[in-house]
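If you want the building blocks of each chain, they are given just below.
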Amino acid sequence: MKLNIKSIKVVAIAIFTVIAVLAFIFSGETKKVQADSDGPPIGRTGAPGETTCTSCHSQNAGSGQFNIVAPANYVPGQTYVIQVQHATADSSRTAWGFELTALNGTNTAAGTFANITAVTRTRTGNGRNYIEQSGSGFFPGQTGAASWSFNWTAPATNVGAITMYAAGLQGDNDGNDSGDQTYTKTAAIQAGGLSTPTNTPTNTPTNTPTLTATNTPTNTATKTPTSTPTNKPTLTATNTPTLTPTNTPSNTPTNTPTNTATNTPTSTNSNTPTMTPAFTSTGTATATVTATATNAPTMTPTNTPPNSPTATVTATNTPTVTPTNTPANTPTSTPTATPVVTPNHGFSDFDGDGRADSGVFRPSEGYWYLNQSTGGFSAVQWGIATDKLTPADFDGDNKADIAVWREDVATQAAYYILQSSTNTVRTEVFGQTGDDPTITGDWDGDGKADPAVFRDSAIGSQSYFFYRGSLNNPTGIVTYRAWGTTGDRAMRGDFDGDGKMDLAVFRPSNAVWYIVESLNGVTRYEYWGLPTDKFVPADYDGDLKTDTAIFRNGIWYIKQSSNGQHVNHQWGLDTDLLAPADYDGDGKTDPAIYRGGTWYMWMSSSGSINTRVFGLASDKPIAGAYIK
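Residues numbered from 1 in each chain as written. Predicted model: local features only at pLDDT ≥ 70, side-chain atom pairs only at ≥ 80, totals over all residues. Heavy atoms only, no water.

## Considerations on the pattern of salt bridges
Argument step 1. Evaluated as defined, the whole model comprises 18 salt bridges.
Argument step 2. Of the charged contacts in the structure, one is a salt bridge between Asp576 and Arg595, with a shortest N-O distance of 2.7 Å. In this pair, Asp576 is assigned in the loop between strand 29 (566–570) and strand 30 (577–578) and Arg595 in strand 31 (residues 592–595), connecting sequence segments 19 residues apart. Accessibility assignment for this pair places Asp576 and Arg595 in one class, buried.
Argument step 3. Salt bridges linked by common partners bring Glu517, Arg524, Glu526 and Lys559 together as one network. (Salt bridge = Lys/Arg side-chain N within 4 Å of Asp/Glu carboxyl O. Helix = DSSP H or I, 4+ residues; strand = E, 2+ residues; numbered from the N terminus. Buried < 20%, exposed > 50% of the residue type's maximum accessible area, 1.4 Å probe, protein only.)

Below, the structure written as structure tokens:
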């Protein structure tokens with residue numbers, strides 16, 4: 001009997017020991033899975049000598065995408081905004097992660113990382129630098145996509161080609177590692193080069209824009225430089241703009257439609273178009289179309305036409321490779337708070353003093369030459385001849401940022417932005433060949449410009465507006481809105497003064513502006529202009545609302561939003577380049593033209609004329625970047 005009791009005790013101890021060991025093992029596994037949500041162990045990027053997420057998670061084939069958005073070239077010491085992006089149509093993917101490192105040709109650390117938000121964290125080990133998702137950055141329960149943005153500062157010296165290695169995890173968030181999917185990606189970054197925008201200040205070249213006094217009319221403000229360079233553009237006195245009364249010329253033909261066309265913008269949402277993130281960029285741009293006409297615009301109040309258009313706001317979790325039907329319960333990037341509307345200094349005020357600067361882009365060199373009203377002269381090399389200028393305040397410091405959009409296929413078209421607040425480079429993969437980026441602006445009212453494009457005939461005859469808002473949108477959700485039809489032209493502006501861009505198109509077939517006011521969702525119809533006019537919408541009366549305005553045969557026709565009246569200014573020639581902006585800082589846009597290197601500005605605060613010489617005949621005035 002004693003033997004049996006002793007045997008029972010031994011068996012009991014053995015069983016307890018086994019249970020304790022198993023409990024310890026499974027407890028450790030649980031902690032490991034939980035710890036992975038706070039970021040993986042270092043050395044899981046798939047770089048030479050490293051493993052990937054599969055060292056802990058099972059390898060499963062998946063249909064998702066994993067990308068690194070990085071510049072094609074780097075300048076030593078320059079800081080760049082890097083993006084890591086996940087995308088998938090698999091709704092079972094509800095947890096996200098990544099780890100990334102940058103190495104030179106000898107597989108040693110190249111550059112340093114820094115967090116922009118709390119969703120990433122930096123680490124070091126094995127002589128390398130890493131960045132990965134943090135505890136708040138694995139986005140549990142989120143479907144469709146995830147992305148992280150962070151700063152990477154290039155090495156202080158040229159170390160040759162650099163490769164970024166990253167491994168990404170698309171998990172099912174079930175508490176174990178058996179159903180997760182692992183992806184890997186690399187991005188090569190070359191040293192130097194001009195194929196992508198660079199930020200290289202240089203000494204002033206021979207034909208640099210200069211500020212030179214000219215023979216001007218009486219009471220014309222001028223500014224005389226300390227020295228005049230060679231090859232100065234000359235001023236031909238015979239073509240100087242004239243100032244005439246603002247009354248409409250007599251016997252002006254009208255263009256008043258008797259009936260509103262039935263083919264108005266619609267809100268069809270089937271088979272949403274897509275924009276796929278990627279990380280390389282080359283391409284060509286299209287030329288700006290300008291024309292003249294003889295008929296003057298008319299302002300004809302009408303009743304709301306039948307079958308009036310509606311605007312449905314929808315958002316995808318992320319752009320995808322293949323068009324898909326709009327998912328149910330799609331999340332949106334609706335702001336949780338409404339910012340106070342304040343005057344914005346505009347997209348051509350680079351020094352933040354409230355006055356637009358006379359600046360030009362020289363396509364032959366890729367340089368931006370800025371004659372800042374307070375900050376003085378500066379020159380920045382940024383972009384190539386075929387890029388489309390998209391200056392705007394992307395970082396919210398009330399200064400315009402130098403930026404271009406480079407047209408390319410859906411996986412490569414991108415914005416390249418030099419953020420003035422930090423002097424860092426930001427790349428936003430967005431849009432595709434044929435898109436119109438002239439609607440770039442603040443679409444969510446947070447005081448920061450958002451990447452945005454208009455896509456004519458995106459699905460059948462239905463056109464779409466796309467933007468990626470910066471307010472409460474850490475994962476980069478793209479919002480798309482159906483508005484317009486084949487042949488419509490997107491118009492840039494905040495027509496209701498709420499601090500947000502509005503959906504607006506001009507329809508050539510009936511000469512009608514269709515505007516959806518974001519403040520209240522009301523649709524406006526404005527009969528103003530002809531298809532052959534140049535379109536110059538801006539706030540000319542200082543009420544913080546964009547006015548419908550066109551330029552025709554040297555005359556600016558403006559319909560003021562503050563009182564509904566129209567004002568005409570005879571200013572310029574059909575061959576001039578238009579550059580309206582607030583040059584005197586009174587909160588009103590001033591009619592201005594650029595002619596062969598000379599600027600002519602009609603100051604709204606005083607009614608005086610200001611001329612200055614700055615640029616060459618082949619340069620493009622930056623203030624005219626969004627003119628159509």
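## Some words on the nonpolar core
Argument step 1. Grouped together as the largest cluster of nonpolar side chains are 62 residues, with contacts concentrated most on Leu100, Trp152, Met164, Trp368 and Trp382.
Argument step 2. Residue contributions to this core peak at five residues, all from strand 17 (residues 414–419).
Argument step 3. Counting 16 residues, the second-largest nonpolar core is a separate cluster that includes Ala452, Phe465, Val512 and Tyr527. (Core = buried A, V, L, I, M, F, W, Y, C linked by side-chain atoms within 4.5 Å.)

## Describing the packing of aromatic side chains
Argument step 1. Inspection of the entire model under this criterion finds 28 aromatic pairs.
Argument step 2. Aromatic side chains Tyr74 and Trp152 sit 6.3 Å apart centroid to centroid with 80° between the ring planes, which places their arrangement in the edge-to-face category. Of the two residues, Tyr74 sits in strand 2 (residues 73–74) while Trp152 sits in strand 8 (residues 145–153), which places them 78 residues apart along the sequence.
Argument step 3. Judged by relative accessible area, Tyr74 falls into the buried class, the value being 1%.
Argument step 4. Each ring, one from Phe98 and one from Trp148, has its centre 4.8 Å from the other, and the planes form 40°; the classification is tilted. Of the two residues, Phe98 sits in strand 4 (residues 95–103) while Trp148 sits in strand 8, which places them 50 residues apart along the sequence.
Argument step 5. Assessed through its relative accessible area of 2%, Phe98 is described here as buried.
Argument step 6. In this structure an aromatic cluster arises from ring pairing among Phe98, Phe113, Phe139, Trp148 and Phe150.
Argument step 7. Directly above the aromatic system of Phe466 lies the positively charged group of Arg455, at a separation of 4.6 Å from the ring centroid. (Phe/Tyr/Trp six-rings, centres within 6.5 Å; stacked < 30°, edge-to-face > 60°. Lys NZ or Arg CZ within 6 Å of the ring centre and 35° of its normal.)

## So, the pairing of strand 7 (residues 128–133)
Argument step 1. Across the six residues of strand 7, five count as buried, placing the element largely inside the fold.
Argument step 2. Taken together, the six bridges between strand 6 (residues 120–125) and strand 7 define a ladder with antiparallel strand orientation. Along strand 7, the bridge assignment pairs Thr120 with Gln133.
Argument step 3. Where strand 6 folds back onto strand 7 in an antiparallel hairpin, the turn is made up of two residues, including Asn126, whose phi is positive at roughly 60°. (Pairing = 2+ DSSP bridges.)

## Brief notes about the sheet that holds strand 13 (residues 367–372)
Two strands in a sheet stick together by hydrogen bonds in their backbones, pointing the same way (parallel) or opposite ways (antiparallel).
Argument step 1. With antiparallel pairing, the four strands of this open sheet are ordered in space as 14-13-12-34. One side of each edge strand has no neighbouring strand; the edge strands of this open sheet are strand 14 (376–381) and strand 34 (620–621).
Argument step 2. Pairing of strand 13 with strand 14, which is carried by six bridges, proceeds in the antiparallel orientation. If you follow Asn371 over to strand 14, its bridge partner there is Phe377.

## Side note on the sheet that holds strand 24 (residues 512–516)
Argument step 1. The strand order 22-23-24-25 describes an open sheet built from four strands, whose pairing is antiparallel. Edge positions in the sheet fall to strand 22 (489–490) and strand 25 (523–527), since each has one partner strand and no second.
Argument step 2. Bridge analysis of strand 24 against strand 25 gives five bridges, and the strand direction is antiparallel. Residue pairing for strand 25: Val516 is matched across the bridge by Thr523.

## Focus: the pairing of strand 12 (residues 358–362)
Argument step 1. Most of strand 12 sits inside the fold, with five of its five residues counted as buried.
Argument step 2. Side chains of strand 12 alternate between two faces, with Ser358, Val360 and Arg362 and Gly359 and Phe361 buried alike.
Argument step 3. Bridge analysis of strand 12 against strand 13 gives five bridges, and the strand direction is antiparallel. Opposite Gly359, over in strand 13, you have Leu370 as the bridge partner.
Argument step 4. The hairpin formed by strand 12 and strand 13 contains four residues between the paired strands, and Gly366 there has a positive phi angle of roughly 75°.
Argument step 5. Bridge count for strand 12 against strand 34 is two bridges, and the pairing is antiparallel. In the sheet register, Phe361 faces strand 34, and the bridge partner there is Lys620.

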